[in-house]
Amino acid sequence: MAAATTRRRVTANGELQENGGGAGQRPTNGTRRRPSAAGSGGSTPLWRVAVFASVALNVATLALLLHHYAISHPWRQSPAPAVASPPPDACVLSGKSEARQEEVTKDRASAAMSPSTGKPTVRTDSVINLDHGDPTVFEAFWRETGALAEIVIPGWQTMSYFSDVGNVCWFLEPEFGRQVRRLHRTVRNAAAGDEYHVVVGTGSTQLFMAALYALSPSGSGDPISIVSTAPYYSSYPAVTDFLRSGLFRWAGDANSFKGDEYIELVCSPNNPDGALRDAVLRSEAGKTVHDLAYYWPQYTPITAEAAHDIMLFTVSKSTGHAGTRIGWALVKDREVAKRMTKFVELNTIGVSKDSQMRAAKVLSAVSDGYDMGSGSRHRHRLFDFGRRKMVERWAMLRAAAAASGIFSLPEETSGHCSFSNDTAANNPAFAWLRCDREDVEDCAGFLRGHKILTRSGSQFGADPRYVRVSMLDRDDAYGIFVTRLASLK
Ligand SMILES: Cc1ncc(COP(=O)(O)O)c(C=O)c1O
Ligand SMILES: *[C@@H]1O[C@H](CO)[C@@H](O)[C@H](O)[C@H]1NC(C)=O
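About the criteria used
Residue numbering note: each chain is counted from 1, following its sequence as written. The naming scheme follows written order: chains are lettered A onward, ligands numbered 1 onward. Residues qualify for local features only when their pLDDT is at least 70, as the model is predicted, and side-chain atom pairs are given and counted only at 80 or more; totals for whole chains, interfaces and linings, by contrast, use all residues. Helix and strand definitions here come from DSSP, where helices need a minimum of 4 consecutive H or I residues and strands a minimum of 2 consecutive E residues; each element is numbered from the N-terminal end. Counting other C-beta atoms within 10 Å of a residue's C-beta gives its exposure: the residue is buried at 20 or more, exposed at 12 or fewer, and partly exposed in between, where C-beta atoms are placed from the backbone. Nearness between a residue and a molecule or strand is assessed with a C-beta atom placed from the backbone; a distance within 6 Å qualifies. Each residue receives one of three labels: charged for Asp, Glu, Lys and Arg, nonpolar for Ala, Val, Leu, Ile, Met, Phe, Trp, Tyr, Cys and Pro, and polar for the others, Gly being one of them. To estimate how far a helix should extend, the number of its residues minus one is multiplied by 1.5 Å. Note that the arc is computed from the directions linking the helix axis to the C-beta atoms. Contact criterion: two residues are in contact if their C-beta atoms, reconstructed from the backbone, are within 7 Å. How sure the predictor is of each residue is captured by pLDDT, a score from 0 to 100. In these notes, a nonpolar core means any group of buried Ala, Val, Leu, Ile, Met, Phe, Trp, Tyr and Cys residues linked to one another through C-beta atoms within 7 Å. Each axis is a line fitted through C-alpha atoms, taken for helices only over the stretch in contact, and angles between the N-to-C directions span 0 to 180 degrees. Comment on the angle field: the value is read as roughly parallel under 35 degrees, roughly antiparallel over 145, roughly perpendicular from 65 to 115, and oblique elsewhere. Take the far helix as your reference; a near helix turned counterclockwise from it by less than a right angle gives a left-handed crossing, and one turned clockwise gives a right-handed crossing.

Novice: Explain the environment of A425 to me, please; I cannot follow it from the model alone.
Specialist: Among the structural elements, A425 can be located in strand β13 (residues 422-425). On the basis of neighbour counts, which here come to 24 C-beta atoms within 10 Å, the residue A425 falls in the buried class.

What follows is the structure, encoded as structure tokens:
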């Protein structure tokens, strides 16, 4: 599963150009160029015919894609009501001050427990913020699941600090642990049997810190080096160093590291470039942490059941529930699991039980969708929805980049997915976009000038001609982004 980072640029007249990336490496073992778009069932949509039948990708193609996108996604036009619709007794309020009306509306809203919706709605001339990987693309799926993904928590429940006092991870809600193992059994993306401990965290970000704490040598020597192959997830250096720990310190690109004591972070598929990765360092004393946040069928073919010592996952990327702040670690070694648990105890004395209950319900709804025994629930299949979305968005992005002519993207790779039992493309959650225009040295700055916010390659230990663009935003923002990108010359 070596990183295949050959970059292919399709010019406006359909020619291919190879450049940069992994020095012309070809995709290897189990990844190959996808012969045709593999969707997840159903009839061939219009846009796909448009993309793959046309030799010359151009602006017209993109317009067609966008047109279909608009008509096939009615929810774009109707954002969820953030506040309950006008109260039935609204007429009573007429004549009263606007401030009073607002107050009443607010009361209603809080009575209905309407939470915030995240980023504001966008218009064609808005600033489009694709800097963070906010996974709101999945909202459309969860709007349809109704009671299957709802929970009610009475006032007296989840009050104790404790969840499972006999367990290594004493604050793990047993139902959350069960649903984690069940989902991995369903997807077969990672081993999660009795040989693994489940440690829950406030997002996988907390578990990342817990893993560094647990793997650092306990002696009083120098801080241990934390490394990852560039381009690496920008949070790794930031989170490693923000408290200037005496236990560990960021040491940069794993490829240029010399020594045999280290902790290597392996993110696969990789944030920011989507590459499939293995550890690059090997030594007796070296340790590895596998961040598998994106090893789910909507993003990449599931080619093997991962069985590493420490594997990190999160609901942020698997189901889209970033705001629930729940992640989990599968940990082989009992002592390491204990130390990770200790970190979470020192840091936050456990993890929200309310969030764990919600996450358990959400994971259970996902597994139910693929459980042959659960009858009518089959119409709610998260990974089918997610993969369809990602395939569609990547087609739109490639058409936009081709129409523009000044951007290149990583080449598409594919492999056999054991979960869907077909050939699936790698559809990363981020686009690692390169500005090819000679006079543009700061791609993020260039895009910002066109009101598109992205994260500069420099934050990932890479060239600022690259940017990372989130592929997980809502349909409206994503549509405006690709239209605008296509128009840049
Ligand atoms: C590779 C990777 N790991 C971890 C995280 C953080 O996940 P969480 O929201 O669970 O803290 C992210 C979020 O962007 C990520 O990309
Ligand atoms: C996977 O697909 C192949 C070919 O379509 C089929 O022969 C095989 O039975 C399928 N396997 C499973 C487990 O469904």
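Novice: For this particular structure, what's the right way to read the site of ligand 1?
Specialist: Near ligand 1 lie 13 residues; those nearest to it are G203, S204, T205, T314 and S316. Ranked by the residues each element gives to the shell around ligand 1, the list is headed by helix α7 (residues 203-215), at 3 residues. Grouping the amino acids of the shell around ligand 1 by side-chain chemistry returns 4 nonpolar, 8 polar and 1 charged.

Novice: Honestly, helix α6 (residues 174-187) in this entry has me stumped. Any pointers?
Specialist: Because each turn of an α-helix spans 3.6 residues, side chains separated by three or four positions end up pointing in the same direction. Look at α6: 20 Å from first C-alpha to last across 14 residues, which is about the 20 Å you get at 1.5 Å a residue. All of the buried residues in α6 are F176, G177, Q179, V180, L183, H184 and V187. Angular distribution of buried residues about the axis of α6 spans 165°; they occupy a single face of the element. Looking at the buried positions of α6, the neighbouring elements they touch are β4 (197-202), β10 (326-331) and α11 (353-369).

Novice: Looking at this structure, how should I read the confidence of the model for the protein?
Specialist: When pLDDT is low, close inspection of the predicted coordinates is not appropriate. A residue-level look at the protein finds 76% of positions with pLDDT of 70 or above and a mean pLDDT of 84. Overall, residues 1-6 carries pLDDT values under 50, and its contacts beyond four positions in sequence, including any with other chains, amount to 32 contacts. Note that pLDDT drops below 50 for residues 70-96; the model gives that stretch 21 contacts with residues more than four away or on any other chain.

Novice: I tried to follow the nonpolar core on my own but got confused; where do I start?
Specialist: Among soluble globular proteins, nonpolar side chains are generally buried collectively. Core analysis: the largest hydrophobic core is formed by 114 residues, its most contacted members being V199, V200, A211, A329 and M340. Of the residues forming this core, the biggest block, 13 residues, is contributed by helix α12 (residues 382-404).

Novice: I would appreciate a short explanation of the packing of α12 against helix α14 (residues 475-487) in the present structure.
Specialist: Packed helix pairs are specified by the crossing angle of their axes together with the interaxial distance, meaning the distance between the axes. Two numbers describe how α12 lies on α14: the axes approach to 7 Å, and their chain directions differ by 20°. The orientation of α12 with respect to α14, classified from their angle, is roughly parallel. Taken as a pair, α12 and α14 cross one another with a handedness that is right-handed. Listed contacts from α14 to R393, M396, L397, A400, A401, A403 and S404 of α12 are Y478, V482, L485 and A486. Grouping the constituent residues of the contact of α12 with α14 by class yields 9 nonpolar, 1 polar and 1 charged.

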